[in-house]
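# Descriptive analysis of the structure
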Amino acid sequence: GLANLGENAMPFMPVIAKKLKDKDVSIREAAQQSLASLKETSAPVASMLVGLLRDGLESEPYYRAAVLQTLVALCEIPARCIIAVAEHLNDDDNIVRMAALKILGGQEEVSVPLLRGIAKNLRNKERRVREAALRSLASMGHLAAPVASLVAERLSDKDAEVRCIAIETLGGL
């Protein structure tokens with residue numbers, strides 16, 4: 001794959017990244033997989049993707065989600081990218097929100113304002129977004145303790161799966 005090219009893959013990154021805008025889901029997925037294979041050079045790939053996010057704020061939700069999902073696949077995201085990802089916690093599209101929540105849940109350090117941004121999604125109308133917010137906080141473990149009372153509110157959620165995930169999340173804080 002592209003990863004076998006090492007540093008020689010860099011000139012191809014912008015061209016492949018543009019394919020994240022393709023309306024064909026199979027093209028977007030191929031571009032995501034190709035970019036995600038560059039884990040050894042994740043810092044420049046992540047920086048490029050953050051730039052695309054900022055440039056594409058008015059773009060279709062599927063594009064914003066594709067870029068965020070590619071960032072998720074890279075796993076080790078430079079700290080400077082976190083702010084750009086956090087901006088999508090309030091995205092109009094729930095799929096974009098869920099991708100941002102998944103990325104932010106993998107962080108080893110987190111600020112209280114970021115925790116609050118994640119916790120705000122615990123009150124989203126969409127069950128899947130509430131679940132994603134809980135999973136994001138659960139993956140942070142004790143770092144999410146400052147928002148434990150907001151997690152506890154989900155113990156009374158109308159959805160049984162959300163209540164179950166809230167119990168598990170509280171148990172891990």
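The coordinates are above.
Since the structure is predicted, the reported quantities are computational estimates derived from the model, not experimental observations.

### Brief notes about the overall build of the chain
A tally of helices and strands in the chain yields ten helices and zero strands. In sequence order, the secondary structure elements of the chain are arranged as α-α-α-α-α-α-α-α-α-α. In the chain, buried positions account for 46% of the 173 residues. Partitioning the intrachain contacts of the chain with sequence separation of at least 6 by distance along the chain shows that 63% fall at a separation of at least 24. When the accessible surface of the chain is totalled, it reaches about 9,000 Å², and 53% of it is carbon and sulfur.

### Focus on helix 2 (residues 25-36)
With twelve residues, helix 2 should cover 16 Å at 1.5 Å per step; its first-to-last C-alpha distance of 16 Å lies within 8% of that length. Listed as buried for helix 2 are Arg28, Ala31, Gln32, Ser34, Leu35 and Ala36.

### Points about the side chain of glutamate 131
Take glutamate 131: it is sitting in helix 8 (residues 127-140). Excluding residues within four positions of it along the chain, glutamate 131 makes contact with Asp159, Glu161, Val162 and Ile165.

### Focus: the pattern of salt bridges
The final tally for this structure, using the stated rule, is seven salt bridges. The salt bridge involving glutamate 126 is made with arginine 128; its shortest N-O contact spans 3.2 Å. Since its relative accessible area comes to 26%, glutamate 126 is described here as partly exposed. Between arginine 127 and glutamate 131 there is a salt bridge; the shortest N-O distance is 2.9 Å. Of the two residues, arginine 127 and glutamate 131 are both situated in helix 8; the distance of four residues between them amounts to about one turn of the helix. Note on arginine 127: relative accessible area 33%, which makes it partly exposed.

About the cut-offs
Residues numbered from 1 in each chain as written. Predicted model: local features only at pLDDT ≥ 70, side-chain atom pairs only at ≥ 80, totals over all residues. Heavy atoms only, no water. Helix = DSSP H or I, 4+ residues; strand = E, 2+ residues; numbered from the N terminus. Buried < 20%, exposed > 50% of the residue type's maximum accessible area, 1.4 Å probe, protein only. Contact = heavy atoms within 4.5 Å. Areas by Shrake-Rupley, 256 points an atom, 1.4 Å probe, with all protein chains shown as cover. Expected span 1.5 Å × (residues − 1). Salt bridge = Lys/Arg side-chain N within 4 Å of Asp/Glu carboxyl O.

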